[in-house]
Every structure is written in structure tokens, then in C-alpha cells.
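# Summary of structural features
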Amino acid sequence: MMKSLSAMQLPKGSHNIILALAAVYIVYKYSQGYKRLDKVVNEATKPVGQLWSDVDARLGGWSPVELTDLVIQPWYLNTNFVISEEAWQVLTRDTDYRVMMKQLFDGRTLKPEYRHLIGKPIGGL
């Protein structure tokens, strides 16, 4: 005949294994819930954190960098009005500056009609 469930005995020491597995499962489920909660809290506090960062930066004297008018400084050019490679690389990184630089220079030589602009702010051409 069949043994009843209450009469069945688990092997010796298996109670500890079952308890350990249950503990691992509980910790696993808790960590999943914690990660979800952490993500929700991070998203909820992001605007406040950004605001605090902006206020702290302004109080510390930070201000955003703004692109100013292009200026071809005299020391960028040699005596033949040829711009140095380094100055050219820096001044052509910005797309707006790149367009103006290609209008102002023939290759790497400043065109004669623009030489009066050396050292002065150059707006749109």
C-alpha cells in the first residue's frame, strides 16, 4: 500500500538544504525588488539632482561656454599670412567657423581682401 505523506521522511540533512535554498530564493527576490525600487527612486530624483547641480555650479561661478565671433589672431599667421596647422585645426572644429575659414583662406593663406580683419571679431560673411 501507499505510504501517507506524513509518514514519508526526507533524507537526513535535507532540511538544511531546503532552508538554504529558501533563503537564497528570498534574497534573490528581495534584490530584484530592491533594484526596481532603486531605479524608480533614481528616475524620480533625477530632476532635483540636476537642478541642485545647476544651482551649485552657478553659485560656484560656472557659466556655459558660448561660441564668440571668429578672431584670426596675428600669431596664428606667419609673415606670408599662412595660418599654422595647429590654429587651422582648432578654428575649423566648429562647423560655422569651418565655413568662414574656407571663405577667408585660399588653402592655408589668408586672402588679401580679408587681411584687415586680423585681430578683429569676424561675424558672418
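Residues numbered from 1 in each chain as written. Predicted model: local features only at pLDDT ≥ 70, side-chain atom pairs only at ≥ 80, totals over all residues. Heavy atoms only, no water.

### Quick notes on the overall build of the chain
Note the cut-off: Numbering of helices and strands starts at the N terminus; helices are DSSP runs of H or I of at least 4 residues and strands are runs of E of at least 2. Whether a residue is buried, partly exposed or exposed follows from its accessible area with a 1.4 Å probe, protein chains only, as a fraction of its type maximum: under 20%, in between, or over 50%, in that order. When checking whether two residues touch, look at their non-hydrogen atoms; a contact exists if any pair is within 4.5 Å.
A count of helices and strands for the chain gives three helices and four strands. Traced from its N-terminal end to its C-terminal end, the chain shows the element sequence α-β-α-α-β-β-β. Considering the chain as a whole, with its 125 residues, one finds that 14% of them fall into the buried category. When contacts within the chain are restricted to residue pairs at least 6 apart in sequence, those whose partners lie at least 24 apart make up 52%.

### Topic: the pattern of salt bridges
Applied cut-off: For salt bridges, the criterion is a side-chain nitrogen of Lys or Arg within 4 Å of an Asp or Glu carboxyl oxygen.
For the structure shown, the criterion picks out two salt bridges. With its nearest N and O atoms 4.0 Å apart, the salt bridge here joins Lys46 to Glu43. Taken together, the residues span about one helical turn, with Lys46 and Glu43 both in helix α1 (residues 14-59) at a distance of three residues. The class of Glu43 is partly exposed, set by a relative accessible area of 47%. Its salt-bridge partner being Glu85, residue Arg108 comes within 3.5 Å of it at the nearest N-O pair. Of this pair, Arg108 sits in the loop between β2 (105-106) and β3 (109-110) while Glu85 is found in helix α2 (residues 85-91), placing the two residues 23 residues apart along the sequence. By relative accessible area, Glu85 is classed as partly exposed at 45%.

### Thoughts on the packing of aromatic side chains
Definition in use: Think of it this way: a Phe, Tyr or Trp ring, Trp meaning its six-membered ring, pairs with another when their centres are within 6.5 Å, and the plane angle makes it stacked under 30 degrees, edge-to-face over 60, tilted otherwise.
In the structure shown here, the tally under the stated rule is two aromatic pairs. Summarising the aromatic geometry, the rings of Trp75 and Tyr76 are spaced 6.1 Å apart at their centres and angled 85° between planes, so their arrangement reads as edge-to-face. Judged by its relative accessible area of 21%, Tyr76 is partly exposed.

### Examining the side chain of Thr92
Basically, it comes down to this: Nitrogen and oxygen atoms within 3.5 Å of one another constitute a polar contact, given that in protein one can donate a hydrogen and the other can accept it, and given that sequence-neighbouring residues count only through two side-chain atoms.
Within the secondary structure layout, Thr92 lies in the loop between α2 and α3 (95-104). A relative accessible area of 12% places Thr92 in the buried class. Among the polar contacts listed, one links the side chain of Thr92 to the backbone oxygen of Trp88, at a separation of 2.7 Å. Contact partners of Thr92, with chain neighbours within four places excluded, come to Arg98 and Met101.

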